[in-house]
Amino acid sequence: MSGARFEPTPGPSSEIELLARAQALAGVRLGELAERLERPVPTDLRRAKGFVGQLVELGLGATAASRSGPDFAELGIELKTLPVDSSGRPVESTFVCTISLTDVGDIEWELSPVRAKLARVLFVPVEGERERPVAERRLGTPLLWSPSAEEESELKFDWDELAGRIGRGDVEGITGHLGRYLQVRPKAADSHARRRALDADGVAFQALPRGFYLRASFTARIVAAHYALAR
DNA sequence: GATTGATCATGT
DNA sequence: ACATGATCAATC
């Protein structure tokens, strides 16, 4: 008894159970979910950017936020909330993972953290228009996704370009314009943050931390294909 | 209007 | 300090 702990929601024990739980949340407003979980709802997300993701994690019984590894460790599934507009189109890019600027150039796609993260993802669409009050935003129909062969080859292409460029010491030459579906953008507390990187000669220097993101056009295709099949 | 670069909170 | 969860806001 001394070590016993109650969790708000026990984790799902199978993919089917997880999907059923997520489906049961379709149509539910964030305000209602927050009330069930006894969590306050921020008036806007400027100072609570992770609110939606963390609320849904809690609602589905995911491992606590900020732990490394997949959200549902035993199932090997990553949870991503996906902000969408009224027609179901993603309104934001999707963060994938941070980048080790010193190692990324030596990692082949097959062993890359991007591939690992995206191997199995539960996308939960959420109304994400800024003018809609947070509490009134509804959850959508979830989608359990793994990349198709074509999607994976597209991601690999971008990985090779972006990781290769960083590996050649040119992280400072990378902008968000690069990459067809996968892009590299800052991922830091602010623009003054610095991490160790290596230049073209292998000499260490301090660079702005970066992360990999999926462009909204990529997730839009995934969602569109799902709805096409669902109807 | 879409996109890139900047930023915010929390937990380990 | 760094990884988790992302969205904001300036700019194109």
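So, a few notes on the structure that sits alongside this text. All values reported here derive from a predicted model rather than from experimental measurement.

## A word on the sheet that holds strand 1 (residues 78-84)
Piece 1. Across the sheet, which stays open at both edges, the three strands sit in the order 1-3-4 with mixed pairing between neighbours. With one partner strand each, in any of the chains shown, strand 1 and strand 4 (143-145) form the two edges of the open sheet. Each neighbouring strand pair of the sheet contributes to a mean axis angle of 30 degrees, computed without reference to strand direction.
Piece 2. Sheet analysis places strand 1 next to strand 3 (residues 121-127), joined by seven bridges and oriented parallel. Paired with Glu-78 across the strands is Val-121, a residue of strand 3.
Piece 3. Strands strand 1 and strand 3 of the sheet are contacted by helix 3 (residues 51-60), whose axis makes an angle of about 130 degrees with strand 1.

## Notes on the pattern of salt bridges
Piece 1. What the rule picks out here adds up to 14 salt bridges.
Piece 2. The partner of Arg-210 in a salt bridge is Glu-172, and the shortest N-O contact between them spans 2.8 Å. Placement of Arg-210 in strand 8 (residues 210-214) and of Glu-172 in the loop between helix 5 (149-167) and strand 5 (182-186) is noted, with a sequence separation of 38 residues between them.
Piece 3. Judged by its relative accessible area of 8%, Arg-210 is buried.
Piece 4. A single salt-bridge network, built from bridges that share partners, covers Glu-127, Glu-129, Arg-132 and Arg-138.

## Some thoughts on the environment of Pro-147
Piece 1. With respect to the helices and strands, Pro-147 occurs in the loop between strand 4 and helix 5.
Piece 2. Note on Pro-147: relative accessible area 22%, which makes it partly exposed.
Piece 3. With 62 residues separating them in the primary sequence, Pro-147 and Asp-85 have C-alpha atoms 23 Å apart.
Piece 4. If we skip the residues at most four places from it in the chain, Pro-147 touches Leu-118, Ala-119 and Glu-152.

## Some words on the protein's contact with DNA strand C
Piece 1. Around DNA strand C, the surrounding shell holds 23 residues, and the nearest of these are Asp-71, Thr-81, Arg-130, Lys-187 and Tyr-213.
Piece 2. The sugar-phosphate share of atoms of DNA strand C within 4 Å of the protein amounts to 59%.
Piece 3. One of the side-chain nitrogen or oxygen atoms of Asp-71 is found 2.9 Å away from a phosphate oxygen of DNA strand C.
Piece 4. Glu-92 is positioned with one of its side-chain polar atoms (N or O) 3.2 Å from a base nitrogen of DNA strand C.
Piece 5. Of all elements in the fold, only helix 3 and strand 1 reach the threshold of two or more residues within the surface near DNA strand C.
Piece 6. Looking at the surface near DNA strand C, the element that brings in the most residues is strand 1, giving four residues.
Piece 7. Counted by class, the surface near DNA strand C contains four nonpolar, six polar and 13 charged residues.

Scoring rules and cut-offs
Per chain, the residues get numbers from 1 upward, laid out in the order the sequence is written. Chain labels run from A onward and ligand labels from 1 onward, assigned in the order the entries are written. Local features in this predicted model are restricted to residues of pLDDT 70 or higher, and side-chain atom pairs are both shown and tallied only at a pLDDT of 80 or more, whereas totals for entire chains, interfaces and linings draw on every residue. In computing side-chain values, all of the structure's heavy atoms are included and hydrogens and water are not. In this description, strands pair whenever DSSP reports at least two bridges between them. Helix and strand definitions here come from DSSP, where helices need a minimum of 4 consecutive H or I residues and strands a minimum of 2 consecutive E residues; each element is numbered from the N-terminal end. Lines fitted to the C-alpha atoms define the axes, with helices restricted to the stretch that makes contact. Angles between their N-to-C directions range from 0 to 180 degrees. The contact criterion used is simple: two residues touch if any of their non-hydrogen atoms lie within 4.5 Å. Salt bridges are identified by distance alone: a Lys or Arg side-chain nitrogen within 4 Å of an Asp or Glu carboxyl oxygen. Three exposure classes are used, based on accessible area relative to the maximum for each residue type with a 1.4 Å probe and protein chains only: buried under 20%, partly exposed in between, and exposed over 50%. Only a single heavy atom is needed: when it lies within 4 Å of a molecule or strand, its residue is near that molecule or strand. N or O atoms closer than or at 3.5 Å make up a polar contact, with two conditions inside protein: a donor-capable atom paired with an acceptor-capable one, and, for residues adjacent in sequence, both atoms drawn from side chains. In this classification, Asp, Glu, Lys and Arg are treated as charged, Ala, Val, Leu, Ile, Met, Phe, Trp, Tyr, Cys and Pro as nonpolar, and every other residue, Gly included, as polar.

So far we have only geometry, and geometry alone does not tell us how the molecule works.
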